[in-house]
Amino acid sequence: MFDSIHEECGVFGIYENETTNVAASVYFGLYALQHRGQESCGITVCDDGIFRHKRADGLVSEVFTKDELDKLGCGNIAVGHVRYSTTGGHNHNNIQPLVIRHIKGNMALAHNGNLVNASELRRSFEMSGAIFHGTSDTEAIAYEIVRERLNTSSTEEAIERAMPKLRGAYSCVLMTATKLIAFRDPNGFRPLCIGKTHDEAYIVASESCALETLGAEFIRDIEPGEIVAIGQEGLNSIRTNCRKEQNSCIFEYIYFARPDSVIDGVSVHHARLCAGKLLAQNSSVDADIVIGVPDSGLDAALGYANESGIPYGIGFIKNKYIGRSFIQPEQHQRENAVKIKLNAVRETVAGKRVIMIDDSIVRGTTSARIVRLLREAGAKEVHVRISSPPFLHSCYFGTDIDSEENLIAGKCRSTEEIAKYIGADSLAYLPVDCLGELVSNKFGCCKGCFTGKYPVDTSGAGFKNKFDEKIHK
């Protein structure tokens, strides 16, 4: 309904030392990660080798009622997933965790990210007679691990051998009958961290905010390329696939992650404050008030206000009670829908020169509607500042960015032309060369959607699965 990029996925896993209500723990963890995916969710519980799972479309609170959680029962290991489909489309068989039953036992896999060689892997398996139930790349990861597991003594060793064959982004939590295993691709595109509760239970989650929901203490981030296996013996780390270079997705800090999370040692809140500060330094303008577009634009707006000395104000109120099913197919209804989701605070902006901070512009249609809201509320001037560079290229690593021909920054010849399209008095983006400062230049970040330069070879990526297309096109 709205012209914006979507969150990708969130993964969560817990290993308890005794049988307990692990499903409830995963429920709370997924609730904290709901911002990463609102399309579907799932939980799988291991009770002494017996797997019970529930997967369905909807929000965590919609899918997992008390009765559904009770059906999952108790166990000592569990994994969960919240999903927004970036590959694989809307297909119930793509909802995670995927439960695989192979010759050496049960396995449940939850994956955040996107492989660029998924079609290549899938075809190699299909030519060997493999049958795929879904169309997501997660199933290809599972097959690769199972193939290696046939010739290894442990699942973690199978993962160690499989990882060099997986090209792209993957932060995964995997459960066997006896272990919880987490692994992260060598570039570290997507976040993954470990925590520990007061009763010595281990937790793995996409973001540290999910650990705090359960009162767990943050231990550390899982290193890019690292495999962490948790079992009766405790925690074991395998770093065979680790390397010095890191390429974390910079958009985790700009938009995806919750501001109260810390990823790879960098506070997301601090990164967004820094983005606003750098915007003020690079694109100052005379104005009366600085406002942010909820939610991810708020921290950047505060950073801009602090640096510029221009007062910060609450310019929009967001309706947090609109569910995922709120869809209005008619054009005139879509125009009204943005007013239902977001409304301008007239007392803040009327008669004033307003600086509006947002995290990105994709097609430009939503930005135009939001600027129009401010005009209708009486804003004298509207100067738009974006806390990321212009989107010019596709992302192949799990961010649902529109195709290049639909990106307004690629269609328009100048920033001034985009400003005119969205109805702003002026427009400025965060310069690409400032992105490293958001993470204090502690490590490398992927900027491919802005620059077109990707950390891995993307040839073969982006091809639509044949089962997602009609025979007669």
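Just above sits the structure.
Summary of the structure given here. Every value quoted in this text rests on a predicted model; they were computed, and no experiment measured them.

About the thresholds
Residues numbered from 1 in each chain as written. Predicted model: local features only at pLDDT ≥ 70, side-chain atom pairs only at ≥ 80, totals over all residues. Heavy atoms only, no water. Core = buried A, V, L, I, M, F, W, Y, C linked by side-chain atoms within 4.5 Å. Buried < 20%, exposed > 50% of the residue type's maximum accessible area, 1.4 Å probe, protein only. Helix = DSSP H or I, 4+ residues; strand = E, 2+ residues; numbered from the N terminus. Contact = heavy atoms within 4.5 Å. 1 Å grid on protein atoms, 1.4 Å probe; cavity = no way out; pocket = protein on both sides within 12 Å on 5 of 7 lines; lining within 4 Å. Points joined across faces, edges and corners; volume = space filled by probe spheres on them. Nonpolar A, V, L, I, M, F, W, Y, C, P; charged D, E, K, R; others polar. Pairing = 2+ DSSP bridges. Axes fitted to C-alpha atoms, helices over the stretch in contact; angles between N-to-C directions. Patch = residues over 30% accessible without salt bridge, like charges linked within 9 Å, V, L, I, M, F, W, Y side chains within 5 Å. Areas by Shrake-Rupley, 256 points an atom, 1.4 Å probe, with all protein chains shown as cover. Salt bridge = Lys/Arg side-chain N within 4 Å of Asp/Glu carboxyl O.

### Some words on the nonpolar core
- If you look at the biggest cluster of nonpolar residues, it comprises 48 residues, and the most contacted ones within it are Ile250, Tyr253 and Leu438.
- Elements with a contribution of two residues or more to this core: helix 8 (251-256), helix 9 (268-282), helix 10 (297-308), strand 20 (353-358), helix 16 (435-438), strand 23 (445-446) and helix 17 (448-451).
- Ranked by residues supplied to this core, first place goes to helix 9 with seven residues.
- Aside from chain neighbours lying at most four places away, what touches leucine 438 is Ile250, Ile254, Val266, Ala271, Cys274, Ala275, Leu278 and Leu430.
- Formed by 29 residues, the second largest nonpolar core is a distinct cluster that contains Phe316, Val349, Val354 and Leu373.

### Regarding the environment of glycine 276
- Locating glycine 276 in the fold gives a position in helix 9.
- Taking relative accessible area as the criterion, glycine 276 reaches 0% and is therefore assigned buried.
- Counting along the chain gives 156 residues from glycine 276 to valine 432, while the straight-line C-alpha distance between them is 14 Å.
- The residues touching glycine 276, leaving out its near neighbours within four places in the chain, are Ala300, Gly303 and Tyr304.

### A word on empty space enclosed by the protein
- What the rule picks out here adds up to three cavities of 30 Å³ or more.
- As a volume, the largest cavity reaches approximately 90 Å³.
- Lining the largest cavity we find 14 residues, and of these Cys249, Cys395, Thr399, Cys446 and Cys449 sit closest to its centre.
- Taken together, the residues of the lining of the largest cavity break down into eleven nonpolar, two polar and one charged.

### Topic: the sheet that holds strand 17 (residues 289-292)
- One open sheet accounts for four strands, arranged 17-20-21-22; its pairing is parallel. Looking at the sheet topology across the chains shown, the edges are occupied by strand 17 and strand 22 (426-429). Taking each pair of neighbouring strands and ignoring which way they run, the sheet shows an average axis angle of 20°.
- As defined by bridge partners, strand 17 adjoins strand 20 across four bridges and the pair is classed as parallel. If you follow glycine 292 over to strand 20, its bridge partner there is isoleucine 357.
- Here helix 10 sits on the sheet and contacts strand 17, strand 20 and strand 21 (381-386); the angle it forms with strand 17, its principal contact strand, is near 160°.

### A closer look at the sheet that holds strand 7 (residues 171-175)
- Here six strands make up an open sheet; going across it, the order is 5-6-7-8-12-13 and the pairing antiparallel. Looking along the sheet, the strands with just one partner apiece sit at the ends: strand 5 (98-102) and strand 13 (234-238). Going from strand to strand, the sheet's axes swing by 20° on average, the running direction of each strand aside.
- Bridge analysis of strand 6 (residues 105-112) against strand 7 gives five bridges, and the strand direction is antiparallel. What sits directly across from asparagine 112, in strand 7, is serine 171.
- Contacting strand 5, strand 6, strand 7 and strand 8 (180-184), helix 5 (residues 137-149) crosses the sheet at an angle of about 140° to strand 6.

### Some details on a nonpolar patch on the surface
- A surface patch of nonpolar side chains, about 330 Å² in accessible area, is lined by Leu302, Tyr312, Ile314 and Ile317.
- Relative to the elements of secondary structure, tyrosine 312 occurs in the loop between helix 10 and strand 18 (316-318).
- Since its relative accessible area comes to 31%, tyrosine 312 is described here as partly exposed.

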